[in-house]
Amino acid sequence: MSGAADADAQLSALDSLLSGPGAELLASLRHQELTPGTALALGTRLRETYPAGLVAAALAQHELRLAARAKFSRAMDMFFTRAGLEQASAEVVAQHRQARFAEAGVLADLCCGIGGDLVSLAGKHQVRAVDRDALHLRMAMLNAAACGVGSCAQAVQADVREVDLAGVDAVFIDPARRTGARRLGPGASEPPLAWCLDLAGRVPRMGIKAAPGIARDAVPGGWELEFVAVGRDLKEAVAWSPPLAGPATRATILPGGHTLTPRPGPPVPVAAPGLFLLDPNPAVTRAGLVEELARDLGAWKIDQQIAFLGTDSGVRTPFARTLRVLHSGPWNQKRLPARLRDLDIGAVDIRRRGLAGDVDRLHRQLKLSGSRRAILVMTRVRDEPWGLICLDADLP
């Protein structure tokens, strides 16, 4: 099927879901959890009442809604494609980002997709939602309406490079990192980052969503790169133009909204691991703020190049996972199984940083049978291969 024909078929399927029978069918599925077995039986039963094509479209949409609950509180009222859901910003991230545009009036949400950011931005602003994908743009409007902000969103089907931005106070753009089913290469997007950065010459207040692997020197001076994690899951980076920027980098941990920014200070010492090991949040690592975290916590590095920190006191921080060290010493894989048995370790999560090794093969070789679960850290200490056996610190 050609691209145009496929797009027409998807729009037709969406139309069928918006029809009376389609809405009825989706409503009947609302509280239905799906497994491969139940989906097959359910589809067979529903086809006794509804056309087969409508049943297939409804079950596919219901499956996406179930998956979208991890991102959106109103997921069961919204519409998605698989690619649109994958790229859409989670609600908690979009709501955090919306605050940066507080002083803006009319916003443009470029490459709006299915409207993950739109539903948060339109809650506070008038928003022009722009996308060249007719299906995603229509879903974005439906999703805005489902979230009660449809009256604040205006749909514009266009290539974002050709859209009129007259009267727009600020822009948020989420450039595509895939075309159809094909994911673009690392650092690539459509439109490219360079075009997005240049757009600030027309609309000075801008936020650009980027992959979390973006290099910190990929944006000009005066811009801010914010690395955003939800819990320990690094979700994305956002480049903020100078009128909206703060420090050059920032690590933000949601849902608490905790932020860490660069601050000058003395060099962080390097020493052997202590009683506790701190594993910085990936947002902190990507933002280059491990030393700031160490100074804040009175911790030290265990290696000049490795982002693990040592301390002799248990500290609770949103910016790192705190582990209690049971054993620390030079890496010795032959003695490792016996050491783990002595510590009553029956299962391990392996964290490898700075030390080569086949993690899957090591898991198979260990053959553990103890009662406790531990974290096995494969790393370097003062450039020497090192291993640490740890437990999650049980801190008040």
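Above this text you will find the structure in question.
A brief structural summary. Predicted, not measured: the structure shown is a model, and the values here were computed from it.

1. Considering the overall build of the protein
Then, number 1: Counting its regular elements, the protein contains 13 helices and 18 strands.
Then, number 2: Reported as C-alpha extents along the three principal axes, the dimensions of the protein are approximately 65 × 55 × 40 Å.
Then, number 3: Across the protein, every contact between residues at least 6 apart in sequence was considered, and the portion connecting residues at least 24 apart equals 66%.
Then, number 4: Of the roughly 18500 Å² that the protein leaves accessible, carbon and sulfur atoms contribute 52%.
Then, number 5: Charge separation in the protein, taken as the distance between the mean sites of 47 positive and 42 negative side-chain charges, equals 6 Å.

2. Some remarks on the environment of Leu388
Then, number 1: Within the secondary structure layout, Leu388 lies in strand 18 (residues 384-392).
Then, number 2: Residue classification places Leu388 among the buried residues on the basis of a relative accessible area of 0%.
Then, number 3: Between the C-alpha atom of Leu388 and that of Ala374, which follows or precedes it by 14 residues, the distance is 10.0 Å.
Then, number 4: Setting aside residues no more than four positions away along its own chain, Leu388 makes contact with Pro273, Val325, His327, Ser328, Ile375, Leu376, Val377 and Thr379.

3. Points about the sheet that holds strand 9 (residues 233-240)
Working definition: the strands of a sheet are paired by backbone hydrogen bonds and lie parallel or antiparallel to each other.
Then, number 1: Here nine strands make up an open sheet; going across it, the order is 3-2-1-4-7-9-8-10-11 and the pairing mixed. Across the chains shown, the open sheet's two edge strands, defined by having one partner strand only, are strand 3 (153-157) and strand 11 (258-260). The sheet shows a mean angle of 20° between the axes of neighbouring strands, direction not considered.
Then, number 2: Note that strand 10 (residues 249-254) and strand 11 share three bridges and pair antiparallel.

4. Considerations on the environment of Ala60
Then, number 1: Within the secondary structure, Ala60 is located in helix 4 (residues 52-68).
Then, number 2: Considering only alpha carbons, one finds Ala60 and Ala39, 21 residues apart in sequence, at a separation of 9.9 Å.

5. With respect to the sheet that holds strand 15 (residues 320-330)
Then, number 1: One open sheet holds the seven strands; their spatial order is 13-14-12-15-18-17-16, and the pairing between them is mixed. Of all the strands in the sheet, the pair left with one neighbour each is strand 13 (300-301) and strand 16 (345-352).
Then, number 2: In this sheet, strand 14 (residues 309-311) lies alongside strand 13 in antiparallel orientation, the contact comprising two bridges. Note that in strand 14 the partner of Trp300 across the bridge is Gly310.
Then, number 3: Relative to strand 16, helix 13 (residues 359-366) is tilted by about 165°, and along the sheet it contacts strand 16 and strand 17 (372-381).

6. Describing the nonpolar core
Then, number 1: Of all hydrophobic cores here, the largest spans 45 residues; its most connected members are Leu110, Leu165, Val171, Ile173, Ile208, Phe227 and Val284.
Then, number 2: The residues touching Ile208, leaving out its near neighbours within four places in the chain, are Ile173, Pro175, Leu193, Cys196, Leu197, Trp223, Ala237, Val238 and Ala239.
Then, number 3: Formed by 25 residues, the second largest nonpolar core is a distinct cluster that contains Leu29, Ala58, Leu64 and Leu135.

7. A look at the pairing of strand 9
Then, number 1: With six of its eight residues buried, strand 9 lies for the most part within the structure.
Then, number 2: Summarising the sheet, strand 7 (residues 206-210) and strand 9 pair through four bridges and their orientation is antiparallel. From the neighbouring strand, Gly207 faces strand 9, where its bridge partner is Trp240.
Then, number 3: Inspection of the sheet shows strand 8 (residues 224-230) paired to strand 9 by seven bridges, in the antiparallel sense.

8. As for the pattern of salt bridges
Pairing is possible between side chains of opposite charge, provided their charged atoms come close.
Then, number 1: Enumeration according to the criterion identifies 26 salt bridges in this entry.
Then, number 2: Where Asp279 meets Arg232, a salt bridge forms, and the shortest distance between an N and an O atom there is 3.3 Å. One end of the pair, Asp279, is in strand 12 (residues 276-280); the other, Arg232, is in the loop between strand 8 and strand 9, and 47 residues separate them in sequence.
Then, number 3: Arg321 serves as the salt-bridge partner of Asp392, at 2.9 Å between the closest nitrogen and oxygen. With Asp392 in strand 18 and Arg321 in strand 15, this residue pair connects regions lying 71 residues apart in the sequence.
Then, number 4: Overall, the relative accessible area of 44% leaves Asp392 in the partly exposed class.
Then, number 5: One network of salt bridges, in which partners are shared, links Arg97, Asp117, Asp174, Arg177, Lys209 and Glu236.

What counts, and at which threshold
- Residues numbered from 1 in each chain as written.
- Predicted model: local features only at pLDDT ≥ 70, side-chain atom pairs only at ≥ 80, totals over all residues.
- Heavy atoms only, no water.
- Helix = DSSP H or I, 4+ residues; strand = E, 2+ residues; numbered from the N terminus.
- Contact = heavy atoms within 4.5 Å.
- Areas by Shrake-Rupley, 256 points an atom, 1.4 Å probe, with all protein chains shown as cover.
- Lys, Arg positive; Asp, Glu negative; His and termini not counted.
- Charge placed at Lys NZ, Arg CZ, Asp CG, Glu CD.
- Buried < 20%, exposed > 50% of the residue type's maximum accessible area, 1.4 Å probe, protein only.
- Pairing = 2+ DSSP bridges.
- Axes fitted to C-alpha atoms, helices over the stretch in contact; angles between N-to-C directions.
- Core = buried A, V, L, I, M, F, W, Y, C linked by side-chain atoms within 4.5 Å.
- Salt bridge = Lys/Arg side-chain N within 4 Å of Asp/Glu carboxyl O.

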